[in-house]
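Residues per chain, in single letters:
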Amino acid sequence: MWLILIALILLVLLIVLISNILIVPQANAYIIERFGKYSKTLDAGFHFKTPFVERVAKRVSLKEQVADFPPQPVITRDNVTMQIDTVVFFQVMDAKLYTYGVNQPVAALESLSATTLRNIIGDLELDHTLTSRDTINSKITAILDEATDKWGIKVNRVEVKNIIPPREIQDAMEKQMKAEREKRAMILTAEGQKQAAITAAEGEKQSAILRGEAVKQQRILEAEGDAQAILAVQKANAESIKLLNESDPSQKVLSLRSLEALAKMADGKATKLIIPSDLQNLAGTVTSIQEMLTAPKQ
């Protein structure tokens, strides 16, 4: 009987001991209270708490967390009401302050974010609000990070997800954007036509230059050919005269040459022909030359 009782007592003690063994996961912290008062913070690893005296008051995640808050109504400086929703990235740096600093830290962070957003947007006009997301994000992040230090929270960054203006303003913005797109399209079309005209003009200019160069080269070649032909004729005449001089021609041969030259002149377009005085005995000379040419060779 006693053995059974002792065994039961040992079993109960073993269960109590096992139930007070704590294994804290990585990136977590446990807040331990002793008789309802803060005692210590357990980091990741193996721990043992005092049975019936200490208890785990809160399990805190030290990972970066994301709080996606619903849209909040805000009013700009020019009295335009719009809806803005934000996303807050935060991380618990002090588990004790996070546990005892504020009740429902995430809800408190949401309220603080909405209040800060209203204050910032209230100093901006509509156009500036729509084009200054980075500035708004930086201001909200700085203000929230400073305000949540006493809660053991570090706000890493705040992102404005959507800025939703009233419907009539959206319609006006859409019309303006459409007009801008049409304007850009017209500008691009005009630029394309202008560039095409410039390209065509440049092509015509180059074509005219090439045609002029071709005509110029053709004329140069023709002039060179004429010059070469004239030079060849002059050289042939010079050679003929040279050979004639070297052969010591008689007066009859010279008279024959004169007649040939006179025949060429007669074939031309001249309307008047002047016969030299020394050719007055032309018939006799011709007869003599004919006899000389037809006489048998000795």
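Up top you'll find the structure we're talking about.
Reference entry: report on the structure contained in this document. (Residues numbered from 1 in each chain as written. Predicted model: local features only at pLDDT ≥ 70, side-chain atom pairs only at ≥ 80, totals over all residues. Heavy atoms only, no water.)

## Side note on the packing of aromatic side chains
- Per the stated rule, a full pass over the model turns up one aromatic pair.
- Taking 5.9 Å as the distance between ring centres and 80° as the angle between the ring planes, the aromatic pair formed by Tyr38 and Tyr100 counts as edge-to-face. Highlighted residues: Tyr38 in strand S3 (residues 37–42) and Tyr100 in helix H2 (residues 95–100), separated in sequence by 62 residues.
- The partly exposed category is assigned to Tyr38, whose relative accessible area is 28%.
- The ring of Tyr30 has Arg59 sitting right over it, with the charged end atom 4.8 Å from the ring centre.
- Above the plane of the ring of Phe89 lies Arg157, whose end atom (NZ or CZ) is 3.9 Å from the centre. (Phe/Tyr/Trp six-rings, centres within 6.5 Å; stacked < 30°, edge-to-face > 60°. Helix = DSSP H or I, 4+ residues; strand = E, 2+ residues; numbered from the N terminus. Buried < 20%, exposed > 50% of the residue type's maximum accessible area, 1.4 Å probe, protein only. Lys NZ or Arg CZ within 6 Å of the ring centre and 35° of its normal.)

## Focus: the nonpolar core
- In terms of nonpolar packing, the biggest core is built from 32 residues, with Ile84, Val88 and Ile136 touching the most fellow members.
- Elements supplying a minimum of two residues to this core: strand S2 (28–34), strand S8 (81–92), H2, helix H3 (105–121), helix H5 (133–147) and strand S9 (153–164).
- Ignoring anything within four residues of it in the chain, the contact list for Ile84 reads Pro70, Pro71, Gln72, Val74, Leu117, Ile121, Val160, Asn162 and Ile163.
- Ranked by size, the runner-up nonpolar core spans six residues in total, among them Tyr30, Ile32, Leu42 and Val56. (Core = buried A, V, L, I, M, F, W, Y, C linked by side-chain atoms within 4.5 Å. Contact = heavy atoms within 4.5 Å.)

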